[in-house]
Amino acid sequence: MRYKLWFGEYDDGSVRISDNLKKSFLNCFNSEPIPFSVSEVGKKTFGDEYYSILRKVAIEVARELVERELKREDRYVIALVRALDEINSSVNLLEEKLEEIREVRDGRLASEFERRIAILKSFRGEIEREIEEVMRKIAPNVSEIVGEKLGARLLERAGSLKKLAEFPASTIQVIGAEKSLFKALSRLKRGKRARTPKHGIIFQHPFIKTLPRRKRGKMARFMAGKISIGARIDYFRGEINEKLSEEVRLKYERLSRN
Amino acid sequence: MRDFQGTEIMHNLFIGSYDGKKRLFTKSGYPPHYGERKIGDLREWMPQRSKLGALFLKGKIVRFERDMKVLYLGCASGTTASHLSDIIDRGILYCVEYSAKPFQKFLKLAMERKNIIPIFGDASKPENYSGIVEKVDFIYQDIAQRNQVEIFVRNFEFFGRQGSEGLIFVKARSIDSARDPEEVYSDVIEKLESHFKILNTGDLLPYHKDHIYIHSRWRG
Ligand SMILES: C[S@@+](CC[C@H](N)C(=O)[O-])C[C@H]1O[C@@H](n2cnc3c(N)ncnc32)[C@H](O)[C@@H]1O
């Protein structure tokens, strides 16, 4: 039997030691109880140092997770995304109202109204820049793969960076398509024909949008897979891995060629 | 120490009178952690702040040996864990907590104590730390959750071994606020009996109201 231990993978009596203890510490899920004591196997590997190494890794990991949880910068991004949406729909509404006013009397008040809407519009840009800046910091990999804007939207839908990191790729692929997915499912249930949506928010990405229709599903699947890996790295380690976005770009180039 | 008349009832655990009152202390080479007094090398264990402290001060004995491996579920900022760490000074104390704020303070403790392994995680998901925690001699649980008995049992399934002991604190209101506390308690005990031999149970009055403790031994 195979078991994931904090210091590596156990396989029928032998252990492959992890080359990144923090990573393996965070990723030692076993659905069933392990039939031996982890420390016995560990002491064969680390000897008397076992507990001091375990303790050092545990403290480092815990400090990072706690710090991240306390700052909750993901919540800040989510609040900003929602505020931005609200401002967008307000601006639309206000512009309509401005037109109504203008049709009756295009006077000083209308110009003043227009000026104030313009202020709100430019404030929108400030919020967008703030979102981009924080996304770069807390989710560098997701940002690199889909861009800060779409990344922030995915984060908003997921509810937290932790949840986004826990989503399987298949879920990430349809984030934002929930409405149409439910519609399609209920049509199918009633025995009607329906096309299940293949892509949610990430469909807006140029790498998907600009492909011929029949290739979009494939691209979306690939991208969602990389986003899922990226989100996990972002949540647990926060370091950028350039390879992910590079692979996405190569896939796009290959798909757009033939 | 001048005015302290006491006895060591367990390794590093002292009970006795000090300024005219019965008090509990652990012998500790470490500074105070939660505002408790330090008299000589004894840290006072405040029973109002810790259920285990209350239990000991009431004269109940749950035996910890100095080299025990203990899993502590719901360590919060480490009030109780700090004293337990003094007692099991040659053992290991694995501590699980899922709330960041108290755990931040707990980490200060973990950094000074060589026998504490901190785990920021959810006690209801032992799978997630199954590759970290070894088989232990004792599981301590103080988490006030509706499904806390199931959580307790699941942790024993992962980390218990024949003869491991456990201590669980139950607050009737956190399990079912509508029902009579006595009924809730007997339900809990009945549930535990299918996995454990019950060693002792009782209240924590006058230090903690509406709580009972159940000390038990895992059948495996
Ligand atoms: C009453 S406090 C414990 C006080 C501590 N035992 C002491 O005496 O120092 C309960 C703690 O359990 C934590 N808790 C509750 N449910 C939990 C769970 N499922 N996993 C981890 N911690 C949990 C809470 O966040 C809280 O800090």
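In this text, all values refer to a predicted model and were calculated from it rather than measured experimentally.

Undergrad: Please clarify how the pattern of salt bridges should be interpreted in this entry.
TA: Any two side chains of opposite charge can pair if their charged atoms end up close together. Applying the stated criterion to the full structure yields 43 salt bridges over all chains. E60 of chain A serves as the salt-bridge partner of K22 of chain A, at 3.7 Å between the closest nitrogen and oxygen. Of this pair, K22 of chain A sits in helix α1 (residues 21-26) while E60 of chain A sits in helix α3 (residues 50-71); the two residues are 38 residues apart in sequence, bridging distant segments of the chain. Ionic pairing is found between R153 of chain A and D85 of chain A, a salt bridge with its closest N-O pair at 2.9 Å. Note that R153 of chain A is positioned in helix α7 (residues 148-158) and D85 of chain A in helix α4 (residues 73-104), a separation of 68 residues in sequence. Residues joined by salt bridges that share partners form a network here, namely E36, R43, D86, E112 and R113 of chain B.

Undergrad: What should I look at first to understand the domain arrangement of chain B in this one?
TA: Where the parts come together, the accessible area they lose is often given as the size of the interface. Residue and element names in this part refer to chain B. Looking at chain B, the domain boundaries give domain 1 (7-46) and domain 2 (69-218). Computed from C-alpha atoms alone, the centre-to-centre distance between domain 1 and domain 2 is 23 Å. For the domain 1 and domain 2 pair, buried surface summed over both sides reaches about 1200 Å², with 57% attributable to carbon and sulfur atoms. On the domain 1 side of the interface with domain 2, the three residues burying the most area are Y30, H33 and W45, jointly 49% of the side's total. On inspection of domain 1 and its partner domain 2, the count reaches one salt bridge. Of the charged contacts, one joins R43 and D86 as a salt bridge, the two residues approaching to 2.8 Å between their closest N and O atoms. At the boundary of domain 1 and domain 2, one finds 12 residue pairs in polar contact (both at pLDDT 80 or more). Contributing elements (two or more residues each) for the side of domain 1 that touches domain 2: β3 (21-27) and β5 (42-44). In terms of residue class, the side of domain 1 that touches domain 2 is built from six nonpolar, five polar and three charged.

Undergrad: Help me understand the environment of R219 of chain B in this model?
TA: Residues and elements named next belong to chain B. Take R219: it is sitting in the segment after β12 (208-218). The partly exposed category is assigned to R219, whose relative accessible area is 46%. As for R219 and A110, which are separated by 109 residues in sequence, their C-alpha atoms are 31 Å apart. Among all residues touching R219, those that are not within four sequence positions of it are Q162, E193, S194, H195, F196 and K197. Side-chain polar atoms of R219 contact the backbone oxygen of E193, separated by 3.0 Å.

Undergrad: It is not clear to me how the packing of aromatic side chains should be interpreted in this structure. Could you clarify?
TA: When we look at a pair of aromatic rings, we describe it by the centre distance and by the angle of the planes. Applying the stated criterion across every chain yields a total of 26 aromatic pairs over all chains. With 5.3 Å between their ring centres and 15 degrees between their planes, F103 of chain B and F106 of chain B make a pair best called stacked. Of this pair, F103 of chain B and F106 of chain B are both found in helix α3 (residues 100-112), three residues apart, which corresponds to roughly one turn of the helix. Relative accessible area serves as the criterion here: at 0%, F106 of chain B is assigned to the buried category. Every member of this aromatic cluster is reached through a ring pair, and the members are W6, F7, F46, Y50 and Y51 of chain A. One residue, R68 of chain A, lies across the ring of Y235 of chain A, its end atom 5.9 Å from the ring centre.

Undergrad: Would you mind showing me how to read the interface of chain B and chain A here?
TA: The interface of chain B with chain A comprises 27 residues on the first partner and 29 residues on the second. The contact between chain B and chain A buries some 2200 Å² in all, and 68% of this surface belongs to carbon and sulfur atoms. Per-residue buried area on chain B facing chain A is highest for F120, G131 and I132 of chain B; these three make up 23% of the total on that side. Taken together, the links from chain B to chain A amount to zero salt bridges. The tally of links from chain B across to chain A stands at 13 residue pairs in polar contact (both at pLDDT 80 or more). Mapped onto the side of chain B that touches chain A, the elements with two or more residues apiece are β7 (92-97), α3, β8 (116-120) and α4 (148-159) of chain B. Looking at the side of chain B that touches chain A residue by residue, the class counts come to 14 nonpolar, four polar and nine charged.

The rules we used
Residues numbered from 1 in each chain as written. Chains lettered and ligands numbered in written order. Predicted model: local features only at pLDDT ≥ 70, side-chain atom pairs only at ≥ 80, totals over all residues. Heavy atoms only, no water. Salt bridge = Lys/Arg side-chain N within 4 Å of Asp/Glu carboxyl O. Helix = DSSP H or I, 4+ residues; strand = E, 2+ residues; numbered from the N terminus. Domains from an automatic or database assignment. Buried area = accessible area lost by both parts, 1.4 Å probe. Polar contact = N/O pair within 3.5 Å; in protein donor to acceptor, adjacent residues only side chain to side chain. Nonpolar A, V, L, I, M, F, W, Y, C, P; charged D, E, K, R; others polar. Buried < 20%, exposed > 50% of the residue type's maximum accessible area, 1.4 Å probe, protein only. Contact = heavy atoms within 4.5 Å. Phe/Tyr/Trp six-rings, centres within 6.5 Å; stacked < 30°, edge-to-face > 60°. Lys NZ or Arg CZ within 6 Å of the ring centre and 35° of its normal.

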